[in-house]
Amino acid sequence: MKVGIVVFPGSNCDHDAWYAISENLHHEAEFIWHNSLSLGDLDAVILPGGFSYGDYLRCGAIAKFSPVMQAVRKFAADGGLVLGICNGFQVLTEAGLLPGALVRNAQLKFVCKTVGLEVATTDSPFTHAAHKGQVLRLPVAHGEGCYVADERTLDELEAEDRVALRYVENCNGSMRSIAGVLNAGRNVMGMMPHPERAADPLMGNTDGLAILRSLTAVRELANSRL
Amino acid sequence: MSEITPDVIAAHQLTPSEYDRILSLLGREPTLTELGIFAVMWSEHCSYKSSRVHLRKLPTQGKHILQGPGENAGIIDVGDGIAIAFKIESHNHPSFIEPFQGAATGVGGILRDIFTMGARPIAVMDSIRFGKLDDPATGVRNQRILEGVVAGISHYGNCFGVPTVGGECVFEESYDGNPLVNVFALGVFRHDEIFYGKASGVGNPVIYVGAKTGRDGIHGASMASAEFTEESKQKRPNVQVGDPFMEKLLLEACLEAMKTGAIVGIQDMGAAGLTSSTCEMGSRAGTGVEIDLDHVPQREQGMTAYEMMLSESQERMLLVAERGREEEVLRVFKKWDLDAVQIGVVRADGMLRVKHHGEVVAEIPNRALADEAPRYNRPFTKPLRVAREHGPAIPKSRNWTADLKTLLASGDLCSKKWIWRQYDYQVRTNTLAGPGTDAAILRIKGTNTSVAMKLDGNGRYCALDPREGTKLLVAECCRNLSTVGAVPLATTNNLNFGNPERPEIMAQIVESIEGLAEACRFFEVPVTGGNVSLYNETLGNPIFPTPVVGIVGKLETAVPVGMAFKRAGSALVLLGGLGTCGADEFGGTQYAKVILDELWGKPPALDMDYEKRVQATIRELIREGAVESAHDFSDGGLAVAIAECAIESRKFGADVNLNSELDPALLLFHEGPSRVLVSTADAQRVLRAATRNNIQAVEIGVTLESRVIIRNRNQVLVDSRVDELSEGWNTALEHLLQTPLQV
């Protein structure tokens, strides 16, 4: 499994994602500079957390114009797996690859804590290694993580089983406690919590492996089905 | 016709004798630009002119020390070819004038000090002090300052991508008009990746990188070197504005540019920006630096040489590259979309020469600016003392459980979650122990080594006795590190005091520095640098003498033991024993502050030799895996420490039975040092280790489910459910911040 990790100016969880994939899960991981026009030969792409372009204007609003996002759009359209974590989720909504938007936390403050998350669907390449209803404890660290969308979109997400994760403790005021969503093709997921921060026994929490292992096991799973 | 009048000299906070010194160093009258350059470089903030003669007393050598004071940050060796750079710096004055940007740029400044040496910052800690949040007169302002400072730290550190992993937050009337914001940063690199701020190699290009220069922050250093008066509000434009995104790009670009091997020396533009970086780099290398201001990237039009040389615009660095290889360096900055321009050249003549519009506007020997600032051995008498010698009668019979709850819900002792939940304390996934622990622990990836770090200060102890108070906080900081299993290695310090021109304040500074020297020598934690912040007075009221130490230690990487009780039925052993305390030594405690609203007498007595043996014992026990939890005693004493272990566990408490002659208040709440509480499955093993190290250890009870009971000789003193203790502790800060007060 080869995972590309996009580096925007201001990305700061890029190395954490790289470490989790390559050192904790022993899969190949490489960085992709934001000016790249193509992704090369990859099985999955991670848009990491951080403050791409300083979060100026709006979180993710400038990153969506980055050259690499053209390539990510094409990769996703061709069925490639794209996981956006935190700022990466914000970029994916800004880029129109996922519905809804992430706005300022309801309490108007940055929040860094570990929260409970219910796995709302296992029908995705990002959650298939978990059980439906399983509660993962994952760190969040964001100032703009409140998920909003119009009622119709929210109904549609639920009807199509595209809500991947829900907060058990809604730490930012997200509508319907949504913490992670899938696109219609189920190959693009955005989530505010950080699975890469809960991937190492030394850190005292490995619940994030449920997500990352789902991702890295996809190819083996596909091969075994052939 | 000279433009330098006595009024102009006074406005630059230079004394007539300092001006005479300038005349003799130059052999002529300075231009206004030169006068401005001298004024900032000779300010207290940049020159340490009042403290330098005493700072020389500090121990700075040791087997782990790779770089002591004098560079942008100290460096220590932690083995495996890995080095650690760390430093603390104050941003007290700017944070009072504009809390958000003052604190944010404090973080930015100290981060640059770390990465300018070649190290990647992996942790930040903050020591912050404010007036009381519920003070009827000043509470509202103090609340706003706290909220602004925390938001500023959060904004800068989170965006830059460095975890804020710990610190301290204290409320005391003495900080009412003078909040303290001391920021510590630590970075990691390999020995062969160290860079210094030296302008070596005559003919080498001098390159400016980063943000453009504007008119912001002019005279920040001299502002930080004067008392606050009513007019200080007009100094708001002196506070700089930070851009953490720019700093993140600067970090990545600098570290990448360093890898080219074409950089000879590099330094950040901190206080007095272009001035300090040029003359200090030249002075360290014994060279001259010639720059042409016409090449400096500028944010505004029509800036004078004076303004550019004194600007403190943030996120700028100065570097010297190897001649002929400048393109390699410039290419990296271009990749990161940063300005990088050659603005000058290294010369052999030892002069700082500044050109503007084709004319030389300043020409001063670098050494005169960087090394020949006046040094004052200011007169000192006895330390200023505000406290009484003896206190009120200490109550013999009270509802001690209620007192404990009151203490746990007080500003200094309550949970600081409201603060640190606004900080990203995990980014870079190295944080094994973060905020709310005895000491933060960060692993160094790719090695089996972790570093532990802690900040400690105690203005109350130091107000009672600056020398003993300072020794106590060095002891406590080392004890904090030892309690998480780390060997303390080296110290950085931030000395926050009032006006050194007052002999009774100068005496506090001298006593404190001597105490620091003695304790750092004894505990073998040499000082690698730090910061001195003087003139912390508002309208003539000085702060408590507040030295803050940051000590760094190392340990083998492992899952941390932590302070939380792990299960019911573990034995509780108190290493170091119950300690003793007379009524006079109780006056600096949190009990005296919160319950009795008094300050008197002396700080707790410290036996450094005994303390060292206690620390050796707990380190040994942690290393051997002989304990299930460990927590040292400090503010609030025994009862608070036991409550904290219980609260952190969320469900386990303790049944403790003591055997002591001490009155209940002293027994429960005295703050005698050299004590660590452990829970263990094997009490005998712990007791044997104590005997071997020649310290006392007492088995004081067992852990149990959900309840804390403390008895002395079978008389119940404290009895409470754990969740009742947690409640006030958890919510106190939020309640204090919502205290309705008249504006």
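What you see is a predicted model; the values in this text were computed from it and never measured.

Participant: Which residues make up the overall build of chain A, and what values go with them?
Facilitator: In terms of helices and strands, chain A carries six helices and 11 strands. For 226 residues, the compact-globule formula gives about 17 Å, and the C-alpha radius of gyration of chain A, at 16 Å, lands near that figure. If you line up chain A on its principal axes, its C-alpha atoms span 40 × 35 × 35 Å. For chain A, buried positions account for 56% of its 226 residues. Considering only residue pairs separated by 6 or more positions, chain A has 75% of its internal contacts joining residues 24 or more positions apart.

Participant: Quick rundown of the sheet that holds strand β3 (residues 82-90) of chain B? Include the residues and the values.
Facilitator: Residue and element names in this part refer to chain B. The sheet built from six strands is open, its strands ordered β1-β2-β3-β6-β4-β5 with mixed pairing. Each end of this open sheet is capped by a strand with a single partner; those strands are β1 (65-67) and β5 (164-171). Strand after strand, the sheet turns through a mean of 20° between neighbouring axes, direction not considered. For strand β4 (residues 120-130) and strand β6 (residues 180-190), the ladder comprises nine bridges, and the chain directions are antiparallel. Each residue of the ladder has a partner; that of Ile128, found in β6, is Val181. Set on the sheet, helix α8 (residues 139-160) makes contact with β4, β5 and β6; between it and β4 the angle comes to about 180°.

Participant: Can you explain the interface of chain B and chain A? Please cite residues and give values.
Facilitator: When the parts come together, some accessible area is lost, and that loss is often what is quoted as the size of the interface. Counting residues at the interface gives 23 residues for chain B, matched by 23 residues for chain A. Of all elements in the fold, only α8 and α10 (244-259) of chain B reach the threshold of two or more residues within the side of chain B that touches chain A.

Participant: Any chance you could break down the sheet that holds strand β3 (residues 44-47) of chain A for me, citing the residues and the numbers?
Facilitator: Residues and elements named next belong to chain A. Overall, mixed pairing links the nine strands, which are arranged β2-β1-β3-β4-β11-β10-β9-β6-β7 in an open sheet. Taken across any chain shown, the strands that pair with only one partner, and hence form the sheet edges, are β2 (28-33) and β7 (135-142). Pairwise comparison of adjacent strand axes, ignoring direction, gives a mean angle of 25° for this sheet. Sheet topology note: the strand β4 (residues 81-85)/strand β11 (residues 188-191) ladder contains four bridges and is parallel. For Ile85, the partnering residue across the bridge sits in β11 and is Met191. Across the sheet, helix α1 (residues 14-24) touches β1 (2-7), β2, β3 and β4, and the angle it forms with β2 is around 160°.

Participant: Which residues make up unusual backbone geometry, and what values go with them?
Facilitator: If a residue is not glycine, its phi is most likely negative; likewise, a peptide bond is most likely trans. All names here are of chain B. Notably, Glu315 is not glycine yet its phi reads approximately 60°, a positive angle. Examined against the element boundaries, Glu315 turns out to sit in the loop between α12 (305-310) and β10 (316-321). Note on Glu315: 27 C-beta atoms within 10 Å, which makes it buried. You will see that Asn694, though not glycine, has its phi angle at about 60°, which is positive.

Participant: So what's going on with the confidence of the model for chain B? Residues and values would help.
Facilitator: Mean pLDDT over chain B works out to 95, with 97% of the residues at or above the 70 mark. If you check the scores for this complex, the pTM reads 0.96 and the ipTM reads 0.96.

Participant: Could you give me a rundown of the packing of helix α18 (residues 466-483) of chain B against helix α21 (residues 608-623) of chain B, with the residues and numbers involved?
Facilitator: All names here are of chain B. In contact at an axis separation of 8 Å, α18 and α21 are set at 15° when each is read in the N-to-C sense. Classified by the angle between their axes, α18 and α21 sit roughly parallel to one another. Seen along the crossing, α18 lies across α21 with a hand that is right-handed. Facing α18, whose interface residues are Lys471, Ala475, Cys478, Arg479, Ser482 and Thr483, α21 presents Met608, Glu611, Gln615, Ile618 and Arg619.

Cut-offs and rules
- Residues numbered from 1 in each chain as written.
- Chains lettered and ligands numbered in written order.
- Predicted model: local features only at pLDDT ≥ 70, side-chain atom pairs only at ≥ 80, totals over all residues.
- Helix = DSSP H or I, 4+ residues; strand = E, 2+ residues; numbered from the N terminus.
- Rg over C-alpha atoms; globule rule 2.2 N^0.38 Å.
- Buried ≥ 20, exposed ≤ 12 C-beta atoms within 10 Å, placed from the backbone.
- Contact = placed C-beta atoms within 7 Å.
- Pairing = 2+ DSSP bridges.
- Axes fitted to C-alpha atoms, helices over the stretch in contact; angles between N-to-C directions.
- pLDDT = per-residue confidence, 0-100.
- Parallel < 35°, antiparallel > 145°, perpendicular 65-115°, else oblique.
- Left-handed = near helix turned anticlockwise from the far one by under 90°.

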